[in-house]
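# Survey of secondary and tertiary structure
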Amino acid sequence: MKNNAWRDILAFILSDRYHVRPMEERDQGTIPLPVHRQGALLCSNWANQNRCIRVTIARLSAWSAVMAIMLASAQAAAGEIEPRAYVNTPVGINFLLAGYVYSDGGLSTAASSPVKDAQLTMHSGVLAYARTLDVWGKAGKFDVILPYSDLSGTAMVANQPRERKVSGFNDPRFRYSVNFYGAPALSLQEFANYQQDLIIGASVQVSAPLGQYDNDKLVNLGNHRWSVKPDLGISKAWGPVALELSTGVTFFSTNEEYFGGKTLEQDPLVTSQLHLTYNFSHGIWAALSGTYDYGGRTTLDEVRSDDGASNSRAGATLALPVNRNNSIKLYASTGVATKTGSDFDLAGILWQYRWGQGL
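Residues numbered from 1 in each chain as written. Predicted model: local features only at pLDDT ≥ 70, side-chain atom pairs only at ≥ 80, totals over all residues. Heavy atoms only, no water.

### Topic: the overall build of the protein chain
Keep this limit in mind: A helix here means a DSSP run of H or I that spans at least four residues, while a strand means a run of E at least two residues long, and both kinds are numbered starting from the N terminus. A simple rule labels every residue: compare its accessible area, found with a 1.4 Å probe on the protein chains alone, to the largest value its type can have, and call it buried under 20%, exposed over 50%, or partly exposed in between. We call two residues in contact when some of their heavy atoms are within 4.5 Å. The accessible surface values rely on the Shrake-Rupley method and a 1.4 Å probe; as for residues, cover is taken only from the protein chains in view.
What the protein chain contains, in helices and strands, is three helices and 19 strands. Burial analysis of the protein chain (359 residues in total) assigns 49% to the buried set. By sequence separation, contacts in the protein chain at least 24 residues apart represent 64% of the contacts at least 6 residues apart. Working note: accessible area of the protein chain is about 16,300 Å², and carbon and sulfur atoms make up 57% of it.

Take a look at the structure:
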């Protein structure tokens, strides 16, 4: 009965891409359970069925790694939590992602501005595209994210209560990443034999000032300035458990059309993230995460403010594959300790469709 259950589960997950031998052949002990039609996954005997299942599901789980790009909300760059940003993924795969994000709480603003006690609610729809790449024999990835948000809430401006409602696009983001150690560029078939040990990678993300912005308003969806974030990450796996640490620095350009015709400058913001991930069977994985932001002190018309960040957040993520082409993800995060702004709660759901070589 137990063997029959494993057989049925595997057949459901892998659909018509895999062929499962008849029961009478399997019971003879000479025919492997899953035999890929292209020869990518082979087992020497029935006793190795569990290993075959783990390898196959590891492939499905690795595809879900690209979903990490969607964990960023429409809030400021601070406070993002992105588990599995540095894992290996088969090259030549495309990803289309769509999701919904809800956030509620404080919005990070310059402490020198007259905005105080902001309580804002944001409903965001997010659309993204990603493609995995072969970068001189190393696994790489390019992605673009386009959020659209509806924001409403209240704040104290010059000691007077004010209300703000606005809808529009947030600043789009573009990212390029490469795992330059421990993650070779592999085809879908070659990836069946890959097992993660230590991975070291790097990425650079650019945010373009194309979102909704009105310099007559203090609260906007776009930032009206460029930002660039180089990041370095390390991921170490011990069987189904993986620990990932990353640190990035966001550099900001000057906003010369800030509220009231003023000029806003900001110091670099350092962000560190720690993720503990567990890979369950059938391609399901979960992560517990924490992040810490430091720096980002602002200057308004050459008057330096005492508003540097020293904020921490905690979050959790659950990824659930539906079949070989579709996955969904649930995630949430909350502020733990906040010095300046960004004390908000966030929850979201994401759908992913993948296609490309071998799918």
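### Section: the nonpolar core
Short version of the rule: Residues grouped as a nonpolar core are buried Ala, Val, Leu, Ile, Met, Phe, Trp, Tyr and Cys residues, joined through side-chain atoms within 4.5 Å.
Formed by Ile93, Phe95, Leu97, Val101, Val126, Ala128, Ala130, Ile145, Tyr331, Phe344, Leu346 and Leu350, the largest nonpolar core amounts to 12 residues. Those elements that place two or more of their residues in this core are strand S3 (93–105), strand S4 (115–135) and strand S19 (344–356). Sorting elements by how many residues they give to this core places S3 first, with four residues. If you look at the next biggest cluster of nonpolar residues, it comprises eight residues, including Met122, Ala155, Val219 and Leu221.

### Quick notes on unusual backbone geometry
A positive phi angle, near 65°, is found at arginine 84, a position not held by glycine. As for its placement among the helices and strands, arginine 84 is situated in the loop between helix H3 (49–63) and S3.

### Here we look at a negative patch on the surface
What counts here: Like-charged residues within 9 Å of one another, or nonpolar side chains (Val, Leu, Ile, Met, Phe, Trp, Tyr) within 5 Å, are grouped into patches, provided each residue has over 30% relative accessible area and no salt bridge. Any Lys or Arg side-chain nitrogen found within 4 Å of a carboxyl oxygen on Asp or Glu counts as a salt bridge. Under this rule, positive means Lys or Arg and negative means Asp or Glu; His and the chain ends count for nothing. Just so you know, the charge point we use is NZ for Lys, CZ for Arg, CG for Asp and CD for Glu.
On the surface, Glu256, Glu257, Glu265, Asp301 and Glu302 cluster together into a negatively charged patch. If you trace the backbone, glutamate 256 turns up in strand S11 (residues 255–258). Glutamate 256 sits in the exposed class, given a relative accessible area of 61%.

### Quick notes on the pairing of strand S18 (residues 326–337)
Note the following rule: Following DSSP output, two strands are said to pair if at least two bridges run between them.
Relative to S18, strand S17 (residues 309–321) is paired through 10 bridges, and the arrangement is antiparallel. Opposite proline 321, over in S18, you have serine 327 as the bridge partner. The antiparallel pairing of S17 with S18 creates a hairpin that spans four residues between the two strands. The sheet contact formed by S18 and S19 spans eight bridges and is antiparallel. For serine 333, the partnering residue across the bridge sits in S19 and is leucine 346.

### Regarding the pattern of salt bridges
A full pass over the atoms with the stated rule returns five salt bridges. Here glutamate 82 makes a salt bridge to arginine 175, at a shortest N to O gap of 3.0 Å. Taken as a pair, glutamate 82 in the loop between H3 and S3 and arginine 175 in strand S7 (residues 173–184) lie far apart in primary sequence, 93 residues in all. With relative accessibility at 10%, the residue arginine 175 sits in the buried group. Between aspartate 197 and lysine 236 there is a salt bridge, and its shortest N-O distance comes to 2.3 Å. Of this pair, aspartate 197 sits in the loop between S7 and strand S8 (198–207) while lysine 236 sits in strand S9 (residues 227–238), and the two are 39 residues apart along the sequence. Looking at lysine 236, the relative accessible area reads 24%, which means it is partly exposed. Via salt bridges that share partners, Glu82, Asp143 and Arg175 belong to a single interconnected network.

### Points about the environment of alanine 185
Mapping alanine 185 onto the fold places it in the loop between S7 and S8. The class of alanine 185 is buried, set by a relative accessible area of 18%. Linking alanine 185 and asparagine 88, residues 97 residues apart in sequence, is a C-alpha distance of 8.1 Å. Setting aside anything within four residues of it in sequence, one finds alanine 185 in contact with Val91, Asp134, Gly137, Lys138, Ala139 and Glu190.

### Here's the deal with the layout of surface pockets
A probe as big as a water molecule, rolled over the atoms, marks out the empty space that is left. Note the cut-off: Definitions used for this entry: grid spacing 1 Å over protein atoms alone; cavity, a set of points where a 1.4 Å probe fits but cannot get out; pocket, an open set with protein on both sides within 12 Å along at least 5 of 7 lines; lining residue, one with an atom within 4 Å of a point. Grid points are joined across faces, edges and corners, and a volume is the space filled by probe spheres set on the points. The residue classification treats Ala, Val, Leu, Ile, Met, Phe, Trp, Tyr, Cys and Pro as nonpolar and Asp, Glu, Lys and Arg as charged. All others, Gly included, are polar.
Volume-wise, the second largest pocket comes out at about 250 Å³. Along its surface, the second largest pocket is lined by 14 residues, and Val157, Arg162, Arg164, Lys217 and Leu218 are the ones closest to its centre. Those elements that place two or more of their residues in the lining of the second largest pocket are S4, strand S5 (138–157) and strand S6 (160–169). Looking at the lining of the second largest pocket, the element that brings in the most residues is S5, giving four residues. In terms of residue class, the lining of the second largest pocket is built from seven nonpolar, two polar and five charged.

### Examining the pairing of S9
With burial as the criterion, only one face of S9 is covered, namely that bearing Ser227, Lys229, Asp231, Gly233, Ser235 and Ala237; the residues Val228, Pro230, Leu232, Ile234, Lys236 and Trp238 on the opposite face remain uncovered. Bridging between S8 and S9 involves 10 bridges; their strand directions are antiparallel. From the neighbouring strand, isoleucine 199 faces S9, where its bridge partner is serine 235. Across 10 bridges, the pairing between S9 and strand S10 (residues 241–252) is antiparallel. Note on S10: the bridge partner recorded for serine 227 is phenylalanine 252. Hairpin remark: S9 followed by S10, antiparallel, with two residues in the connecting loop; positive phi at glycine 239, about 65°.

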